[in-house]
Amino acid sequence: MITLDGTHGWVISYTNKHNISGKVVEDINTGNWTFCTSIKPEWNKDNLLMNIDGINYRGGVLCRNGMHSGIFNVLWQTEDKSKWLKSIKGEIWYDTPGGETEVAIMEYKVRNEEWIDIILSYDRKSSKLKLQAREEGEINWDIQEIDIDGEIIDYSGSHVWIGCANGFESCPEPQFYQGHIRCLGVFNSVLTESDRDKFYNEYQDFKGIPKYFRSNAHKRQVYNFEKMNPLALTNFKTTTPYKAFDFSGNGNHPIIYKREWGVY
Amino acid sequence: MSDAVKEKNELSIENEHFVKTKKKLDNIGKGMCLAKWTQTTIQLQTGHTHSCHHPKTHKVPLKELDRNPSALHNTKFKKQRRKEMLNGARPKECDYCWNVEDTSDRFSDRVFKSQESWSLPHFDEIANSDWREDFNPRYVEVAFSNACNFKCSYCAPAYSTKWFEEIETHGAYPTTDEFNSFKYNQLEDKMPIPVRDANPYKDAFWKWWPELYQDLHTFRITGGEPLLAPDTFKVLDYIIDHPNPNKNLQFAVNTNLGGPKQLIDKFIEKIKRIEDEERVRELIVFTSVESWGNQAEYIRHGMDFNYFWDNVNRILESSSKVNVTNMATYNALSVPNYHKLIKGMYDLKIKFGSSERYWKSAVFLDSSYLRYPTHQTVQVLPDEWNQYILKHAQLVDYYGVPLFDHNYIGYSDIEIQKIKRIYDWKIADWDGKAKQVKEQRYNFGKFFKEHDKRRGTDFCKTFPELADFYRKCLEIRL
């Protein structure tokens, strides 16, 4: 688990710096994809750094930069200021056949202040964006799906950001997330329900550096997600001070990214 | 090619410093290279030398040493090559560089080596010299003897007395190339002088040393196992006792850190003294291990892994500035357990890393792939192992220094890239590769079967991950 205080994020770079990635994050620009995570956001308005007009809050949970897309958590005051609304949003920008650029948004209204499992996936062939969420203690998933009427915009060169929408100093709306994140998965496919359940059943047990070679022991340690086309998986339990181990086997280790590091 | 040199090769040809150096060299001749003067490796146990590691070594004629001990470096043979260079010709023995220059737009190593801080400042002196003149090298590597308490599986009698004894007793290994047959030493006039015999090359070295020492930029003692050579301690004492030490010296000692405890203690005490009294610019201890635990012990026959690891820790604990570089010769037997070595080295980096050290990272993992003997290189392994080599690179990257925060201590880009190169080499294809690999696998089986028989080891027990592969190798018929 990582706890983010709104000052920095993590990132999985789309680039293949040392040319050592088994599969690179860029692959999701041309195919299907799924983002999985489990979060416990800070919902107390008094503890949050309000970043939308100084009165509301929006945190990037698992996002791509450019025209920000992905999973966000939002705390918004009703117009009559009588209460605060908590929600999880799945968003993506796309070009309509008419040449306009619009954003597709799905919203899950959060009821409690516990852990929330969230999946956002995109099926390129059927142009469907799907948001699934469930709160702690729930067995069933809330599932929403919309058709994207057009082509999603080109996200080439976008990193996968964790805990912000864009950690670069140059970004005017970084939308830093405040709260806890206990796992993430980035897949180069749309997960089926059984694959989804497999991920959420198993991610907590990822531990240590896989021992690939000790007779049959490695079979208990290497997480067999191959058919789900994983790009990166972690539960943030195996970390250095800067990096979380990617259990997908692709070497796409998420890394802390500090705003002052600038753009790369 | 050294890795530093390879890294530099990847730099743009537009790099102004290299362009400038190349022009300066080319103004004298297209074959000019300062390393022929400034750099030398001397194997005192065989009496061989070369300047730069690309040309083959040649024998130093004893006759030349009689009147001039610096002929350990300034041989007549080498002077003829210098003459060619000063006259605009390209010495044939340096064809490695000519191939690079003639087939690409990259700089060859002659540019990089001439650009080094131990070369370039001497450009004018060399350019204006007569080819007959002696020149004191600035970068010197010396092996005093082949005395060694190990017989690493990929090593040879010229560098290990243990290997020498084994070949003397049992003969060459029954591989198709008769691995470690003395005939190779005889062919190249490289039979090592027995440790207890008088060695005129060593005598010449000590005559030359007082003059050489003051001019040195880099001095590295190799072997054999240098701690078993009294000459190594003679060098350490010389530096300790010198009233006016060469404080610009970059000093390095190779050691397997598996020698008797009293020698290790003595070594630690002396390097600490050199460090404390600031008698050198930097002091690096080079050592070698390429796996973990009993697998490392199998590869480096004679090693007690825990004793070795304790000694690495002892050096780092007792010396606040010294760095340790592990020259890991990554080979087929490294693959199963290299991830443990990566983690072990990372733990040392974290524990001992400090900006007080000569280099901030206390230890470096310098992974180079074994090229010879061919039967033990990673090439012999089936393709299913390729991904594991890549995973080692990914693991080093995981423990790597973040791109933008070099205050953190972890693996550097070069340490990552060096393993990636092993993967690249493993997956590379070339004409005739399948046939070569078949023969190498045949030799793999032959070698380790004989190894177990001679040394009382058990390959399948030590490497259960490779046992099936090994058995298949034994079934190969050529």
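The shown structure was predicted, so the numbers you read here are calculated from the model rather than taken from an experiment.

1. Focus on the overall build of chain A
No. 1: Summing up its helical and strand segments, chain A has two helices and 15 strands in all.
No. 2: Computed over the C-alpha atoms, the radius of gyration of chain A is 18 Å, within 12% of the 18 Å expected from 2.2 N^0.38 for a compact globule of 264 residues.
No. 3: In terms of its C-alpha atoms, chain A occupies a principal-axis envelope of roughly 65 × 45 × 40 Å.
No. 4: Within chain A, the fraction of its 264 residues that count as buried is 43%.
No. 5: Sequence separation of 24 or more characterises 60% of the internal contacts of chain A that already satisfy a separation of 6 or more.

2. Some thoughts on the overall build of chain B
No. 1: Check the secondary structure of chain B and you find 21 helices and eleven strands.
No. 2: Its C-alpha radius of gyration of 22 Å places chain B within 12% of the 23 Å reference for a compact globule of 478 residues.
No. 3: Expressed as a percentage of the 478 residues in chain B, the buried residues total 47%.
No. 4: For chain B, contacts bridging at least 24 residues in sequence account for 75% of all contacts bridging at least 6.

3. Considering helix H18 (residues 413-427) of chain B
Residues spaced three or four apart along an α-helix point in a common direction, a consequence of the helix completing one turn every 3.6 residues.
No. 1: The terminal C-alpha atoms of H18(B) lie 21 Å apart, and with 15 residues this matches the ideal 21 Å at 1.5 Å per residue to within 8%.
No. 2: Within the span of H18(B), buried status applies to B:Glu415, B:Ile416, B:Gln417, B:Lys418, B:Ile419, B:Lys420, B:Ile422, B:Tyr423 and B:Lys426.

4. Some words on the sheet that holds strand S1 (residues 39-43) of chain B
Residue and element names in this part refer to chain B.
No. 1: On the basis of which strands lie adjacent, the open sheet formed by nine strands has the order S3-S2-S1-S4-S6-S7-S8-S10-S11 and mixed pairing. Either end of the sheet is taken by a strand with one partner, and the two such strands are strand S3 (58-59) and strand S11 (363-369).
No. 2: As paired strands, S1 and strand S4 (residues 139-143) are joined by five bridges and run parallel to one another. When the sheet's bridge partners are listed, Thr41 is paired in S4 with Glu141.

5. Structural notes on the nonpolar core
No. 1: Judged by nonpolar contacts, the single largest core of 162 residues is most densely connected at A:Ile71, A:Val186, B:Leu72 and B:Ile342.
No. 2: In terms of residue count, helix H16 (residues 338-352) of chain B provides more of this core than any other element does, seven residues in total.
No. 3: Setting aside anything within four residues of it in sequence, one finds B:Leu72 in contact with B:Ile42, B:Thr49, B:Val60, B:Leu65, B:Tyr201, B:Ala204, B:Phe205 and B:Trp208.
No. 4: Ranked by size, the runner-up nonpolar core spans 16 residues in total, among them B:Cys33, B:Cys97, B:Val111 and B:Phe135.

6. What to know about the packing of helix H19 (residues 433-455) of chain B against helix H21 (residues 467-475) of chain B
All names here are of chain B.
No. 1: Remark: H19 packs on H21, axes separated minimally by 7 Å, with the N-to-C direction vectors making an angle of 105°. Considering the angle they form, H19 stands roughly perpendicular to H21. Touching Arg441, Tyr442, Phe444, Gly445, Phe448 and Lys449 of H19 are Tyr470, Cys473 and Leu474, all from H21.
No. 2: When the residues that make up the contact of H19 with H21 are grouped by side-chain class, the tally is six nonpolar, one polar and two charged.

7. Regarding the domain arrangement of chain B
Residues and elements named next belong to chain B.
No. 1: Domain assignment breaks chain B into domain 1 (3-129) and domain 2 (143-475).
No. 2: Distance from the C-alpha centre of domain 1 to the C-alpha centre of domain 2: 26 Å.
No. 3: Taken together, the 17 residues of domain 1 in the interface contact 22 residues of domain 2.
No. 4: Of all the elements in the fold, those that place two or more residues in the side of domain 1 that touches domain 2 are helix H1 (3-9) and helix H4 (62-67).

8. A word on the interface of chain A and chain B
No. 1: On the chain B side, the residues contacting the 19 residues of chain A number 23 residues.
No. 2: Partitioned by chemical class, the residues of the side of chain A that touches chain B number ten nonpolar, eight polar and one charged.

9. Focus on the confidence of the model for chain A
No. 1: Chain-level statistics for chain A give a pLDDT mean of 91 and a share of 94% at 70 or above.
No. 2: Put simply, helix H2 (residues 217-221) of chain A is where chain A has its lowest mean pLDDT, 50, and strand S9 (residues 128-135) of chain A is where it has its highest, 98.

10. Description of the pairing of strand S6 (residues 84-95) of chain A
Residue and element names in this part refer to chain A.
No. 1: As paired elements, strand S5 (residues 69-77) and S6 share eight bridges and run antiparallel to each other. Across the sheet, the residue bridging to Phe72 is Lys89, located in S6.
No. 2: Counting the residues in the hairpin turn of S5 and S6 gives six residues, including Lys81, whose phi is positive at 60°.
No. 3: Joining the antiparallel neighbours S6 and strand S7 (residues 101-109) is a turn of five residues, in which Gly99 adopts a positive phi near 90°.
No. 4: Taken together, the two bridges between S6 and strand S11 (residues 151-152) define a ladder with antiparallel strand orientation. Looking at S11, one finds that Tyr94 is bridged to Ile152.

11. Side note on the packing of H16(B) against helix H17 (residues 386-398) of chain B
All names here are of chain B.
No. 1: Where H16 contacts H17, the axes come no closer than 10 Å and their chain directions differ by 15°. Classified by the angle their axes make, H16 and H17 are roughly parallel. Seen from above, H16 lies across H17 with right-handed handedness. In contact with Tyr338, His339 and Ile342 of H16, H17 contributes His392, Leu395 and Val396.
No. 2: Here the contact of H16 with H17 is composed, by residue class, of four nonpolar, two polar and no charged.

12. So, the environment of A:Trp141
All names here are of chain A.
No. 1: Take Trp141: it is sitting in the loop between S9 and strand S10 (142-147).
No. 2: Through-space distance from the C-alpha of Trp141 to that of Ile255 is 30 Å; in sequence the pair is 114 residues apart.
No. 3: In contact with Trp141, other than residues within four places in its own chain, are Gln132, Ala133 and Arg134.

13. What to know about helix H15 (residues 305-318) of chain B
Residue and element names in this part refer to chain B.
No. 1: Between the first and last C-alpha of H15 there are 20 Å, a value that for 14 residues agrees with the 20 Å anticipated at 1.5 Å per step.
No. 2: Every buried residue belonging to H15 is among Asn311, Val312, Ile315 and Leu316, and all of these are buried. Considered in projection along H15, the buried side chains sweep an arc of 130° and stay on one side of the axis. Counted as exposed and oriented over 90 degrees from the buried face of H15: Asn306 and Glu317.

14. A few points about the environment of A:Thr101
All names here are of chain A.
No. 1: Mapped onto the secondary structure, Thr101 falls in strand S7.
No. 2: Separated by 50 residues in sequence, Thr101 and Glu151 place their C-alpha atoms 9.5 Å apart.
No. 3: Thr101 has contacts with Trp93, Asp95 and Ile153, leaving out every residue within four places of it along the chain.

15. Points about unusual backbone geometry
In most cases, non-glycine residues show a negative phi, while peptide bonds are predominantly trans.
Residue and element names in this part refer to chain B.
No. 1: A cis amide bond, omega 5°, links Gly223 with the succeeding residue Gly224.
No. 2: Turning to its location among the elements, Gly224 is positioned in the loop between strand S6 (218-222) and helix H12 (230-241).
No. 3: Positive phi values are uncommon outside glycine, yet Leu257 reaches one of about 50°.
No. 4: Counting through the fold element by element, Leu257 comes out in the loop between strand S7 (250-254) and helix H13 (261-276).
No. 5: Take Leu257: there are 23 C-beta atoms within 10 Å of it, and that puts it in the buried class.

16. Notes on the pairing of strand S1 (residues 2-5) of chain A
All names here are of chain A.
No. 1: Side-chain alternation along S1 places Ile2 and Leu4 on a buried face and Thr3 and Asp5 on a face that remains uncovered.
No. 2: Looking at chain direction, S1 and strand S13 (residues 178-187) are connected through four bridges and run antiparallel. Its bridge partner lying in S13, Ile2 is registered against Ile181.

17. Looking at the environment of B:His339
No. 1: Along the chain, the position of B:His339 falls in helix H16.
No. 2: Note on B:His339: 21 C-beta atoms within 10 Å, which makes it buried.
No. 3: Considered as a pair, B:His339 and B:Ile389 are 50 residues apart in the sequence and their alpha carbons are 9.4 Å apart.
No. 4: The contacts of B:His339, once residues within four sequence positions are left out, are A:Ile209, B:His392 and B:Leu395.

Rules used in this analysis
Residues numbered from 1 in each chain as written. Chains lettered and ligands numbered in written order. Predicted model: local features only at pLDDT ≥ 70, side-chain atom pairs only at ≥ 80, totals over all residues. Helix = DSSP H or I, 4+ residues; strand = E, 2+ residues; numbered from the N terminus. Rg over C-alpha atoms; globule rule 2.2 N^0.38 Å. Buried ≥ 20, exposed ≤ 12 C-beta atoms within 10 Å, placed from the backbone. Contact = placed C-beta atoms within 7 Å. Expected span 1.5 Å × (residues − 1). Pairing = 2+ DSSP bridges. Core = buried A, V, L, I, M, F, W, Y, C linked by C-beta atoms within 7 Å. Axes fitted to C-alpha atoms, helices over the stretch in contact; angles between N-to-C directions. Parallel < 35°, antiparallel > 145°, perpendicular 65-115°, else oblique. Nonpolar A, V, L, I, M, F, W, Y, C, P; charged D, E, K, R; others polar. Domains from an automatic or database assignment. pLDDT = per-residue confidence, 0-100. Left-handed = near helix turned anticlockwise from the far one by under 90°. Arc of directions from axis to C-beta.

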